[in-house]
Amino acid sequence: MDFLIFWLSNVPGFATPFALGVLGMIICERSGVLNLGAEGFVLVGAMSGAGVLISVGDVPFVALLIAGLSGSLLGLLFGFLVTILRVNQVIAGLIMVFLAQGLTSLLSRNMDWVNKPFAGLSKLNTGILTEIPVIGPIIFQQDLLVYCTLLFYLVAFYFIYRTSIGLRLRAVGENPDAVDAAGGDVILIRLLAVTIGTFFLGLAGGYFTVVVSKIWVDGISGGRGWIIIALVIFARWQLSRALLGAVIFGCIEALIPRLAAIGVQLPQYFVLMMPYAITLLVMVWSNLNPKNIKAAPASLGRPFLREERH
Amino acid sequence: MNSYPTINKRKGVKLELRDPMNFVNKFIVLILSIFTGLFISFIILVLSGVSGSALWKEFVVYIFTSEKNLSSVLIQASPFVVAGLAAAVAFKARFWNIGIEGQMIFGAIAATYIAINDIGPGSVRLLLMFTAAGLGGVFWILLPAFLKIKLDVNEIISTLLMNYIAFNFLLHLLYGSWRDPSTGFPNSEQYDVFEILPLLGWQSLNFSSVIAVLLVVIIFWLFVSSRFGFVLNVLHASSDMAKYMGIRVSLVILIVTVVSGFLSGICGFLVSSGIESRMTQSFFLGFGFSGILISFLARDNPIGILVVSLLFATLVIGGQSLQVFYQIPFAMVQLMQAIIVMCVAASEFFIRYRLIFSF
């Protein structure tokens, strides 16, 4: 029982960055922009969050905000490349990853941010609520961003499915020509979607350093950006399934250190492989259902070429 | 022609489709954009505290006036060429092989297995290692290829996830049973003399360059004059058209991924046997992405891959001396590659369109 409570109380902390990242990806890809640069935006967010805490001081929420904004800044470049300059979206995404790896490594070395521990954001102390047996530690002893993430999901759900802005976003992803004919600005909508989406990817990255590791080293996200992309496919670009996927993945990631703690002996490097292997399984499992393959926004990955329409 | 009215209310800038540009102009744009990328990198380096004259010396003077450095560039270029070919072959069938690094790891693991267990007589050891490396690479691409063909699992993500799995397996070996017994360092024991690619007689240039050039010739033949090359071109242009022509698309994808995996495995072998003489824990770093970028810059043309690889290798060798003498992290090289490719990718816009300013 103690094992179960301990495990479940760790789940939200592991699930939150995935939830944030997938939320960002869905906003971006619902507009038809294929974003394979997730790993890059996460890295940039992670480094900026750590950088603020090391250089400015103990201001975790500012750090998280800056993490998101720096994700957006790189996102603007990405958006400029794919919407205005119409660069192949796969290539542009890969360039973002490569660029971010180089940039974070160079900048953190120049600023001397590598391997410097900081206080970061600690878990909320809700006093009496924490004392409630079982659900106390699971629900009431988390950091503030966990609760914010739920709020983000509610707001995003409302915007995407219940407002005309959301309708436009979805329409651009399905049929940009129709939106254009109706007088909508496809490029602007996509640019906005990319900027907002990459904000959440940067925030997810910030979570990795500000809340989880409380230190920056090169390549700290360790491929989680790619796992986020896989989760988007699992989620069929839908918010409710995204949250489910993030929680399932959080459960798995939280389980691995718990197993080691109760003395289950597993070869270290095979344990480290598990998240990637499981992601691969999740992708296989998602594609076994033909519904999933058709779930992608119809114009995903295709640039909008008004001048070339005949 | 092509004067469709285009309206852009807000900016006063209009876009117009150009007539297709001829080869010479395209080439000029390509060179210009590469130089733009180099110039941006130059500014970043100067901001990081390296003087302009030092950069000129490290990247141009020392490399092209010293035979030793020139040969280092050529040695460094060989695995780049092969990684570029691996990416290009797969991309011809619209299969994005992002898993080159994982396949390199398994190629090198297979070759190293032959080396440390002394399988086969010494005279054919290198040939065995070469073959094993290729097959190791094939082994690591088969699962993503199969998943792509049978279930349409996105190969970009599956091949990438396979990289992380391969990397952890490599660490498992190097921190476990394959740790160098003589030094205790987490890399394989050094290969024997007959397990290292032989020198060619000029500086430290070795057989890896010959292998790289041979592979370029073979892939060039495959793309340009073979029947299979024609099939690939059709598939690259439109998979629907390929289907209507009776081409078995899944079979083509299988062949192409096997070739791509084989090349990646060879690439791993060229680094471990041709450069490092052992299998280290980071020998593959950067080759996967570089391969994709090289193939993109070269428009999947094997001869172009050869040229771009030389450029990338020059950046790497220059970057190594910057690392030693100016403490610039090696990631700078990665950043430069990304910036150059970004400029070239952006330049396609200006090849396709003409901007018309009307104020």
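This structure is a prediction, so every number in the text was calculated from the model and none was measured. (Residues numbered from 1 in each chain as written. Chains lettered and ligands numbered in written order. Predicted model: local features only at pLDDT ≥ 70, side-chain atom pairs only at ≥ 80, totals over all residues.)

Q: Looking at this structure, I do not really get the overall build of chain B. What am I missing?
A: Counting its secondary structure elements, chain B contains 13 helices and 2 strands. A compact globule built from 359 residues should have a C-alpha radius of gyration of about 21 Å, and chain B, at 22 Å, falls within 12% of that. C-alpha atoms of chain B, sized along the principal axes, occupy 75 × 60 × 35 Å. Pairs at least 24 apart in sequence give 75% of the contacts found in chain B among residues at least 6 apart. (Helix = DSSP H or I, 4+ residues; strand = E, 2+ residues; numbered from the N terminus. Rg over C-alpha atoms; globule rule 2.2 N^0.38 Å. Contact = placed C-beta atoms within 7 Å.)

Q: Got a minute to help me understand helix 6 (residues 144–162) of chain A in this structure?
A: One full turn of an α-helix is made of 3.6 residues, so residues set three or four places apart face in the same direction. Residues and elements named next belong to chain A. Taking 1.5 Å of rise per residue, the 19 residues of helix 6 would be expected to cover 27 Å, and the 27 Å separating its terminal C-alpha atoms lies within 8% of that figure. Residues of helix 6 that are buried include every one of Leu 145, Val 146 and Thr 149, and no others. The buried residues of helix 6 all sit within an arc of 100° when viewed along its axis, so they share a single face. Of the residues in helix 6, the exposed ones pointing more than 90 degrees away from the buried face are Leu 151, Leu 154, Val 155, Tyr 158 and Arg 162. Buried residues belonging to helix 6 abut helix 1 (2–30), helix 3 (60–84) and helix 9 (186–213). (Expected span 1.5 Å × (residues − 1). Buried ≥ 20, exposed ≤ 12 C-beta atoms within 10 Å, placed from the backbone. Arc of directions from axis to C-beta.)

Q: Would you mind going over the interface of chain A and chain B with me for this structure?
A: Reports often express the size of an interface as the amount of accessible area lost when the parts come together. Chain A puts 41 residues into the contact, and the matching count from chain B is 39 residues. In terms of residue count, helix 4 (residues 89–111) of chain A provides more of the side of chain A that touches chain B than any other element does, 14 residues in total. Partitioning the side of chain A that touches chain B into residue classes produces 29 nonpolar, 8 polar and 4 charged. (Nonpolar A, V, L, I, M, F, W, Y, C, P; charged D, E, K, R; others polar.)

Q: So what exactly am I meant to see when it comes to unusual backbone geometry here?
A: Of note, the phi angle at A:Asp112 is positive, near 60°, even though the residue is not glycine. Owing to 10 C-beta atoms within 10 Å, A:Asp112 belongs among the exposed residues under this scheme. The phi angle at B:Asp152 is positive, at roughly 60°, despite the residue not being glycine. Structurally, the position occupied by B:Asp152 is in the loop between helix 5 (125–151) and helix 6 (155–174).

Q: So what exactly am I meant to see when it comes to the nonpolar core here?
A: Side chains of nonpolar character tend, in soluble globular proteins, to be buried together. Counting 203 residues, the largest nonpolar core has A:Val22, A:Ile95, A:Leu231, B:Val82, B:Leu85 and B:Cys267 as the members making the most contacts within it. When residues are assigned to domains, this core turns out to be shared by domain 1 (1–48 + 329–359) and domain 2 (66–327) of chain B, each giving three or more. Not counting the four nearest positions on each side in its chain, B:Leu85 is found in contact with B:Leu215, B:Val216, B:Ile219, B:Leu263, B:Pro302 and B:Ile305. (Core = buried A, V, L, I, M, F, W, Y, C linked by C-beta atoms within 7 Å. Domains from an automatic or database assignment.)

Q: Would you explain the domain arrangement of chain B in this entry?
A: Residue and element names in this part refer to chain B. Once the domains are mapped, chain B shows domain 1 (1–48 + 329–359) and domain 2 (66–327). Opposite the 9 residues of domain 1 that make contact, domain 2 presents 11 residues. Among the residues making up the side of domain 1 that touches domain 2, the classes are represented as 7 nonpolar, 2 polar and no charged.

Q: I keep staring at the packing of helix 10 (residues 224–234) of chain A against helix 6 of chain B and nothing clicks. Help me out?
A: Any two packed helices are characterised by how steeply their axes cross, that is the angle between the axes, and by the distance between the axes. Contact geometry for helix 10 of chain A and helix 6 of chain B: axes closest at 10 Å, N-to-C directions at 145°. Between helix 10 of chain A and helix 6 of chain B lies a crossing of left-handed hand. Together, A:Trp226, A:Ile229 and A:Ala230 of helix 10 of chain A and B:Ile157, B:Leu160 and B:Leu161 of helix 6 of chain B make up the contact between the two elements. (Axes fitted to C-alpha atoms, helices over the stretch in contact; angles between N-to-C directions. Left-handed = near helix turned anticlockwise from the far one by under 90°.)

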